[in-house]
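# Fold and geometry: a report
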There are 2 protein chains.
Amino acid sequence: MSSSTETPLHAVDLIRKKRDGETLTAREIQFLVTGAATGSIPQEQLTAWLMAVWLRGLGLDEVRALTLAMRDSGEKFDPHSLGKVAVDKHSTGGVGDKTSFLVAPLAAACGVAVPMISGRALGHTGGTLDKLESIPGFRTALSLAEFESVLRKCGASIVSQTPKLVPADRVLYALRDRTATVENAGLICASILSKKLAAGLDALVLDVKTGSGAFLRNYKDAEFLAALMVATAEAAGTRTVALLTDMGQPLGYTAGNWIEIAECITLLRGERPSASEDLRELSLILAGWMIHLGGHAPSAEAGYRSAERALAKGSALTAFLKMIEAQGGDLSVFNDLKASHKPAATTVLAAWDSGYIAEMDTTAIGWAVQRTGAGREKAGEPVDPNAGIEFHAKRCAHIEKGQPFATLYGTSRAHLAEAEALLRSAIHFSHELPPATPQLVSRIFTAENAQARLIAVGSGT
Amino acid sequence: MSSSTETPLHAVDLIRKKRDGETLTAREIQFLVTGAATGSIPQEQLTAWLMAVWLRGLGLDEVRALTLAMRDSGEKFDPHSLGKVAVDKHSTGGVGDKTSFLVAPLAAACGVAVPMISGRALGHTGGTLDKLESIPGFRTALSLAEFESVLRKCGASIVSQTPKLVPADRVLYALRDRTATVENAGLICASILSKKLAAGLDALVLDVKTGSGAFLRNYKDAEFLAALMVATAEAAGTRTVALLTDMGQPLGYTAGNWIEIAECITLLRGERPSASEDLRELSLILAGWMIHLGGHAPSAEAGYRSAERALAKGSALTAFLKMIEAQGGDLSVFNDLKASHKPAATTVLAAWDSGYIAEMDTTAIGWAVQRTGAGREKAGEPVDPNAGIEFHAKRCAHIEKGQPFATLYGTSRAHLAEAEALLRSAIHFSHELPPATPQLVSRIFTAENAQARLIAVGSGT
């Protein structure tokens, strides 16, 4: 039967169907997504549908149809003229999560193309784009043609989502944010994957965070989302793995904007500050998977070793600097990382007790970072490139009362006072040795085991 | 604590709260209703909340708070300067339901003030206002001052809802219609009662329809809505009863616009066509309750007898004609009811089988009436005052093949053909005597037994 003879669809009928817990067809989901992207379905109907989805769930086929319809709702990037395998990494986000600035050059240095299209953060800490924009002159708003040219030259490029890329997600995400319909695995999966798949990736590595700073606090929810994303992306033809990784404390020793870039440069130069070890290790693991899925290593472990060599040789640093220069960034700021950091106000927070650092409430730490001026409260607000928090000790470390525990950089004294109060409440000292920090990577989902995880809990998301 | 020191409310938090099945406070519900009425809460947030309400339900306190907040969202009518007790009747609607044109003059003739404010129908058959507007010159859009003046002169007035009366319901109802959130007892209750209570009623009689032509098909749902409305209106200080009445066949022998008015005039003149007996009986019962609750009869039965006398004496006819004249209607059309009926096309449908009329699918009959041109498909469309269907036989009647079963009046031959096909499919003949029609009034809820019915099923609506 040709599509012209099919009965016309009406949004109200599809809302009713989902309200009653029924399964929508791919054609019905496409109708809703096209309506969202073009505005032909009014927002008050979209949000009623989103709430029905939140309360009734989406089946696996519905999540897949939603992801594909959203991917196809606008312009797409085709990396295949580059003559390389295109691989990206996506993280569900956390405090101090700066692995993008390490994995992109590491994988690029090992022969993989990394076309990284990043969304503007609504979250409490600055997003990837804010951090890059702390480099004077750095431009993230490239056209797809400029993006391709940087990729051709440097192997990696990190840009902001163009207005025409996945317009359905832009509309639906803004509506979800205002209608308490964000936290739904099916909707999260489709939102993340539609943007990644619109970049024409051959493979994708997903970093799904767990622990006190993660978007999904419950471990089982994080596992489910990881498995759902792997199954959905694989069904769309993109080789995908998901790693469940610890966000029980900030990653590395910085959280902010410029200070995160500086930490990455330090690592890319081959230095190994002890509070950066978790960041270095996770970046090598993620890059290893990217290199493996990109066909440049027979296994993730072999990919890890390739990435380690690229770090040791300095070829990853070279790739990163080349990308920054190609996107307009001023490389002279890297001559003296300390001198290039010009915070308006600084305060050192001393430990208020002696003992082990037993707990770091990382979501609260994220809010403290935001209050320094490094993050935004509302979309569109500017962020302070120099603001953020540097940690001198992390979980399980022993610290003496009066020793510097963290340095706070703020837009003003008032910003610092607020941030310091939040940070204090987020840290708990203990006189006894606390349990060891959880494994950095606690679980890995691939095409092989993702489906089994989904079946184990039923298909409702 | 004064309201100025209370924390500000945000729509997204209230959506989340209802999404999670929690109970909203009266202050929270008032915030949402005010936001709907003034437009300060965008429609896409209201519909997400409505869907959460549909799927999670409202508790009794929430329904009461919603009703009162909606009642208070705009201008109100105060009938107390009339010096009479103000009583109204509301029906959940059905095919051929024209009791308003009988109970208003019957109750008015017995000393009760009947300030009847009616909404514009979205349903398949013409609404009360459409029927009245089939009288040349009749105006339903009166100001509240004109409304009061007609009431003072005639004891009854039937007008359309002013734009300023219960604006929150206007906004929410239009949104519910487009988001599949209409059929929820709590929302229906608040929508109906807010409009009735804004008319300042002392008492209210509710006619909740059941059977094949009713809005709520399931008897238990209709019972629940009836009990909920009684409990809610009583809690708001209005003496209220609800009657569950049969809508298993059209009420009276006409369904349309002018032909319904003509049927009522016939009854008010003291004639008793056999196919009108159910309409006459139900109108006397409803009017009897209105007269009783209005303090003009010691019981509903005594009220019934008073109404019967007003009918016999012709004082109800006088009251109706006085009201029509006061609202600009041309009384000369009543001189010859048949001659005043000028349908563009007419067809007589003969019985296609001999036997008893076993079943009348009254919702399908309603659609047939709409297709004649008597109803509208979309809000704002005009209706044909002369269109409709006249029934020559009703349920349980025996009819011979070829005898006229119904006469259809349409806007055109094409309208009639469509209506006839629908009507044929709605009627089933049987060679055996079918079970008797259900009781006209199957159950009555008062303040005393409504609460018990609600407790029996729990407070979720």
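What comes next concerns the included structure.

Definitions and cut-offs
Residues numbered from 1 in each chain as written. Chains lettered and ligands numbered in written order. Predicted model: local features only at pLDDT ≥ 70, side-chain atom pairs only at ≥ 80, totals over all residues. Heavy atoms only, no water. 1 Å grid on protein atoms, 1.4 Å probe; cavity = no way out; pocket = protein on both sides within 12 Å on 5 of 7 lines; lining within 4 Å. Points joined across faces, edges and corners; volume = space filled by probe spheres on them. Helix = DSSP H or I, 4+ residues; strand = E, 2+ residues; numbered from the N terminus. Phe/Tyr/Trp six-rings, centres within 6.5 Å; stacked < 30°, edge-to-face > 60°. Buried < 20%, exposed > 50% of the residue type's maximum accessible area, 1.4 Å probe, protein only. Contact = heavy atoms within 4.5 Å. Buried area = accessible area lost by both parts, 1.4 Å probe. Salt bridge = Lys/Arg side-chain N within 4 Å of Asp/Glu carboxyl O. Pairing = 2+ DSSP bridges. Axes fitted to C-alpha atoms, helices over the stretch in contact; angles between N-to-C directions.

### A look at empty space enclosed by the protein
All names here are of chain A. Per the counting criterion, the structure on display carries 4 cavities of 30 Å³ or more. Taken as a whole, the largest cavity spans an internal volume of roughly 50 Å³. Lining the largest cavity are Leu50, Leu66, Met70, Asp169, Leu172, Tyr173, Arg176, Leu187, Ala190 and Ser191. Elements that contribute at least two residues to the lining of the largest cavity include exactly helix 4 (60-71), helix 8 (167-178) and helix 9 (185-197). For the lining of the largest cavity, the element with the most residues is helix 8, which contributes 4 residues.

### Focus: the packing of aromatic side chains
Counting across every chain of the model gives 14 aromatic pairs over all chains. Considering the side-chain rings of A:Phe405 and A:Phe429, the 6.3 Å spacing of their centres and the 70° angle between planes classify their relative orientation as edge-to-face. Highlighted residues: A:Phe405 in strand 11 (residues 404-410) and A:Phe429 in strand 12 (residues 427-430), separated in sequence by 24 residues. Its relative accessible area of 0% is what places A:Phe405 among the buried residues. The exposure class of A:Phe429 is buried, given its relative accessible area of 18%. A centroid spacing of 5.1 Å and a plane angle of 80° characterise the contact between B:Trp352 and B:Phe429, whose relative ring orientation is edge-to-face. With B:Trp352 in the loop between strand 7 (345-350) and strand 8 (355-360) and B:Phe429 in strand 12 (residues 427-430), this pair connects stretches of sequence that are 77 residues apart.

### A look at the interface of chain A and chain B
Residue-level contacts link 22 residues of chain A with 22 residues of chain B. Together chain A and chain B conceal approximately 1900 Å² of surface at their shared face, both sides included; 64% is due to carbon and sulfur atoms. When the buried surface of chain A facing chain B is broken down by residue, A:Arg19, A:Glu44 and A:Arg178 rank first, second and third, together holding 34% of it. Here chain A and chain B share 4 salt bridges between them. A salt bridge links A:Arg178 to B:Glu44, with the nearest nitrogen and oxygen atoms 2.9 Å apart. Where the side of chain A that touches chain B is concerned, the elements lending two or more residues are helix 1 (11-19), helix 3 (43-56) and helix 8 of chain A.

### A look at the sheet that holds strand 8 (residues 355-360) of chain A
Hydrogen bonding along the main chain pairs the strands of a sheet, whether they run parallel or antiparallel. Residues and elements named next belong to chain A. A sheet is described by the order of its strands in space; here 3 strands give the open sequence 10-8-12, paired in antiparallel fashion. Each edge of the open sheet is held by one strand with a lone partner, namely strand 10 (398-399) and strand 12. Note: strand 8 against strand 10, 2 bridges, orientation antiparallel. Each residue of the ladder has a partner; that of Gly355, found in strand 10, is Ile399.

### Remarks on the sheet that holds strand 1 (residues 87-91) of chain B
Residues and elements named next belong to chain B. Across the sheet, 4 strands lie side by side as 1-4-5-13; this open sheet has mixed pairing. Sheet topology places strand 1 and strand 13 (441-445) at the edges, where each strand pairs with a single neighbour. For this sheet, the mean angle separating the axes of adjacent strands, direction not counted, is 15°. Sheet topology note: the strand 5 (residues 239-246)/strand 13 ladder contains 4 bridges and is antiparallel. Within strand 13, the residue paired with Leu243 across the bridge is Ile444. Contacts from helix 9 (residues 185-197) reach strand 1 and strand 4 (203-210), with the element oriented near 155° to strand 1. Its contacts with the sheet put helix 10 (residues 219-235) on strand 4, strand 5 and strand 13, and the angle it makes with strand 5 is roughly 165°.

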